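Descriptive analysis of the structure
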Amino acid sequence: MGLYKYQSFNVIQTWTKRKRKKEMKYSRIGSQRSRAQYGSTPTPSLIIILILMLMATRFSLSRSAHFCLKPPSSFRRPLTKNILQCRSCPLWSSSFSLCLHSLPKSTLPSPHHRRKPIAVRSFCPAPGSISDHPTKMTTATSDDNPLLKDFYFPPFDSIEAKHVRPGIRALLKQVDEDLEALEKTVEPTWPKLVEPLEKIVDRLTVVWGVVNHLKSVKDNPDLRSAIEEVQPEKVAFSLKLGQSKPIYNAFKAIRESPDWESLSDARKRIVDSQIKEAVLSGIALEDDKREQFNKIEQELAKLSQKFGENVLDATKKFEKLITDKKDIEGLPATSLGLAAQTAVSKGHEKATAEDGPWIITLDAPSYMSVMQHAKNRTLREEVYRVYINRASDGDLDNTGIIDQILKLRLEKAKLLGYNNYAEVSMAMKMATVDKAEELLEKLRSASWDPAVKDLEDLKEFCKSQGAPEADDLNHWDITFWSERLREFKYELNEEELRPYFSLPRVMDGLFSLVNMLFGINVEPADGLAPVWNNDVRFYRVNDSSGSPIAYFYFDPYSRPSEKRGGAWMDEVVSRSRVLSLDGASARLPVAHMVCNQMPPVGDKPSLMTFREVETVFHEFGHALQHMLTKQDEGLVAGIRGVEWDAVELPSQFMENWCYHRDTLMGIAKHHETGESLPEDIYKKLLTARTFRAGTLSLRQLRFATVDLELHAKYVPGGSESIYCVDRRVSKRTQVLPPLPEDKFLCSFSHIFAGGYAAGYYSYKWAEVLSADAFSAFEDAGLENEKAVKETGHRFRETVLALGGGKAPLEVFVQFRGREPSPEPLLRHNGLLSATASA
């Protein structure tokens, strides 16, 4: 992580949507994602259908394509606050006194060898070169505003809300002038069209990305207000850029020129996608329709922003103070520690894990712990009901916002000549609406009977345990009793596994894995770049020769008072030849990776659940595709330009290694004794991988299906309400029907405040690709280190290196030697034998 669409037309707006998609990663409406795709009795036709579906997309794909020891020094924040700061230099100014091209080729200073602080920036012309349209900002403005200083690593520690309005407005003024200059001199050549366009886009993308990132991890009313005020101005510039006729015509001229066939695949992909994006940006609309289109885009941006804010505020609003220990019986020590720590932060200075008081919140670690472990059924019910009704009443009610968003999206689709918004969404994806619906229905059909069996098994287990609710299981019982059944069936207790998964050990193991697979070395670089919170770590990624090739931030812990829930990966800057810092080699990519796991409690390190381990691996998969790209064309480097429903391939691929014996045993060491995870527990983890697969699959299918229904068939203002649609979908996707008052849609940020509108199905679509990619390593022999390294090298050189420069199917075939097969996915979920015998 969710990721981003990076296109020059409609680019800032579309890029923001892409970033929001990533920000939704792994919140997934309750933070338990599906691990299985089918039930235990799918029909033989399932394989054939999936193969046909994938093959049917070939032509279009080719064209578009978590107690005691202190953390080791390798994961301890330095006590000093003397972080190397960027020198104050005017952004994009010709008076920039120290460009990186004057530095040694090592690119950046090592944190172990303190040099004079240097100023770095997102764009610095090569020595002796003259920018086509140089940006200039006065030194006075720069000195007053960190957003307007030259930087490569953003000054996260010094940016405040007061900087947003003047900073963004000054930047918008400059890029607007640059755009107008480009339109006057544009020519249908790469140096006169794409290169200056990428510079314009990058300037605003980087700074706007920094501001929005801070809103996600350090939210406060002043920052929120500032962003809301300047957002319409940013959207207006995005629309102006996306509807530039001179730029559009220049791209079409390149497409129609005799030199077209001589262009690289990456450049052809850029041109084709820019033309398509321009059309989707309304460039072909007449004046009155274009004005209507632009108003819709402005309003949609405002509504999505408000939707997300309401969800965050509603989540933060709920606090349950508990003083009687009987009321929280069952909660593990780690959860009690977190609840007491939260109470201390809320003014209960004498709160302790043993004696309380304790505060329960709706933040994921707190919420999930209650649902999984609290014996107090009344507490579970209360917390559950509040959770599913977040942002559905009072000043925070999102119901009207949803209706308006859907109405405006449909109007937008009609203006562009599409029947519905789902068709607009699919225009830049691998799948079509029909193919996505077909996949979801086949998965739903295969998952239903196993899900029914899951509920029957749960009821029988409850009866065997003498539970009074056995004959009346409700939603607040399912997670609790599922955890008890899993413990009984596999003798696995998730909380008892936490001591084996300390965050420092998990990160060391992850870094060892990618060193073996991809020949890279990840080392701490704390102090090299400013950070937004003392818990944030900074790392440098080196190649086998020790040269830096990328950098990334890691923000692991939950901070419910200011940080958005979920987990995501996003970029800070991307790899780019045009934006080279030394005039010779491409600018190196920088990423940030954000999670929301349980923080350290007192002097105890963060002890992770196994699912949190999977989450870290997942997000690092996204980061790898961003950081290990070898694509120098900035518009399709890394994750940019990769079709939405293929972009989950590297992330879901990395999750498979959590079940790889050598990898898991390497990270699963008891944080106090150093004892390895017992072999029998490892085997139980493997066996439990597909526990309640049908139920978990249906859960994801409900989200994906209601998403498509709302964007392909729902008529705003018609006979059905949005809740009617959800209830109708739930009849086919939920064995235990949702509560009549369930309004989870009001917190479904993926599709109303993120980038998943008519795209939630992509999680399922990409799982076919990721499972098959991992099967290449299985075929090579997971115990054969030489073969694994060779396969890892091939994966790096294709999936991780090519970015959006090739169509996803072509990239997959280049790696795998054939088109995708669903067989590995069925096998990983324990369904292949059932399919064969059906």
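Anyway, here's the lowdown on the structure attached to this text. Just so we're clear, the structure is a prediction, and the values are computed from it rather than from any experiment.

**With respect to the pattern of salt bridges**
- Evaluation of the coordinates by the stated rule reveals 62 salt bridges.
- Measuring nitrogen to oxygen at the nearest pair gives 2.7 Å for the salt bridge that ties lysine 173 to glutamate 177. Here glutamate 177 and lysine 173 lie together in helix H5 (residues 164–185), a separation of four residues that amounts to about one turn.
- Lysine 173 sits in the exposed class, given a relative accessible area of 53%.
- Taking relative accessible area as the criterion, glutamate 177 reaches 34% and is therefore assigned partly exposed.
- Aspartate 726 is paired through a salt bridge with arginine 702; the nearest N and O atoms lie 2.7 Å apart.

**Some details on the packing of aromatic side chains**
- In this structure the tally under the stated criterion is 44 aromatic pairs.
- Between phenylalanine 501 and phenylalanine 610, the aromatic rings sit 5.9 Å apart at their centres with planes inclined by 50°, giving tilted as the arrangement. Of the two residues, phenylalanine 501 is situated in the loop between helix H18 (494–497) and helix H19 (503–518) and phenylalanine 610 in helix H20 (residues 610–627); the sequence distance between them amounts to 109 residues.
- Relative accessible area serves as the criterion here: at 0%, phenylalanine 501 is assigned to the buried category.
- With a relative accessible area of 6%, phenylalanine 610 lands in the buried category.
- Both rings, one in phenylalanine 777 and one in phenylalanine 795, keep their centres 6.3 Å apart while their planes meet at 65°; by these two values the pair is edge-to-face. On the criterion of sequence distance, the pair formed by phenylalanine 777 in helix H27 (residues 762–780) and phenylalanine 795 in helix H28 (residues 785–800) is long-range, its members being 18 residues apart.
- Judged by relative accessible area, phenylalanine 777 falls into the buried class, the value being 0%.
- Here arginine 380 stacks its cationic end above the ring of phenylalanine 480, 4.3 Å away from the centre of that ring.
- A cation over an aromatic ring shows up here: arginine 484 above the ring of phenylalanine 480, its NZ or CZ 4.7 Å from the ring centre.

**Structural notes on the sheet that holds strand S4 (residues 537–542)**
- Spatially, five strands are ordered S3-S4-S5-S7-S6 in an open sheet, and the strand pairing comes out mixed. On the outer flanks of this sheet lie strand S3 (521–524) and strand S6 (568–573), each paired with one strand and no other. Here the average twist between neighbouring strands, direction ignored, is 25°.
- By the bridge criterion, six bridges tie S4 to strand S5 (residues 548–557) in an arrangement that is antiparallel.

**Observations regarding helix H17 (residues 475–490)**
- Taking 1.5 Å of rise per residue, the 16 residues of H17 would be expected to cover 22 Å, and the 23 Å separating its terminal C-alpha atoms lies within 8% of that figure.
- Counting buried positions along H17 gives 13 out of 16 residues, so the element sits mostly inside the fold.
- Just downstream of H17 lies glutamate 491, where phi reads positive at about 55°.

**Some words on the environment of alanine 801**
- Considering the arrangement of structural elements, one finds alanine 801 in the loop between H28 and helix H29 (808–816).
- Spatially, the C-alpha atoms of alanine 801 and valine 811 are 9.7 Å apart, while their sequence positions differ by ten residues.
- When neighbours within four sequence positions are excluded, alanine 801 is seen to be in contact with Leu628, Thr629, Lys630, Gln631 and Arg796.

**Things to note about helix H8 (residues 245–256)**
- Between the first and last C-alpha of H8 there are 16 Å, a value that for twelve residues agrees with the 16 Å anticipated at 1.5 Å per step.
- Taken as a whole, H8 has its buried residues at Ile247, Tyr248, Ala250, Phe251 and Ile254. Take H8 and look down its axis: the buried residues cluster within an arc of 160°, on one side only.
- Tucked into the core, H8 has its buried residues touching H5, helix H6 (190–217), helix H7 (221–242) and helix H9 (265–280).
- Regarding H8, its N-cap is serine 244, as a side-chain oxygen of that residue lies 3.4 Å from the backbone nitrogen of isoleucine 247 further along.

**Examining the pairing of S4**
- Among the six residues of S4, six are classified as buried, and the element is accordingly described as predominantly covered.
- Residues of S4 alternate between two faces, with Arg537, Tyr539 and Val541 on one and Phe538, Arg540 and Asn542 on the opposite face, all of them buried.
- Looking at chain direction, S3 and S4 are connected through four bridges and run antiparallel. Its bridge partner lying in S4, valine 522 is registered against valine 541.
- Taking the residues between adjacent antiparallel strands as the criterion, S4 and S5 are bridged by five residues, where glycine 546 takes a positive phi near 95°.

About the criteria used
Residues numbered from 1 in each chain as written. Predicted model: local features only at pLDDT ≥ 70, side-chain atom pairs only at ≥ 80, totals over all residues. Heavy atoms only, no water. Salt bridge = Lys/Arg side-chain N within 4 Å of Asp/Glu carboxyl O. Helix = DSSP H or I, 4+ residues; strand = E, 2+ residues; numbered from the N terminus. Buried < 20%, exposed > 50% of the residue type's maximum accessible area, 1.4 Å probe, protein only. Phe/Tyr/Trp six-rings, centres within 6.5 Å; stacked < 30°, edge-to-face > 60°. Lys NZ or Arg CZ within 6 Å of the ring centre and 35° of its normal. Pairing = 2+ DSSP bridges. Axes fitted to C-alpha atoms, helices over the stretch in contact; angles between N-to-C directions. Expected span 1.5 Å × (residues − 1). Contact = heavy atoms within 4.5 Å. Arc of directions from axis to C-beta. Polar contact = N/O pair within 3.5 Å; in protein donor to acceptor, adjacent residues only side chain to side chain.

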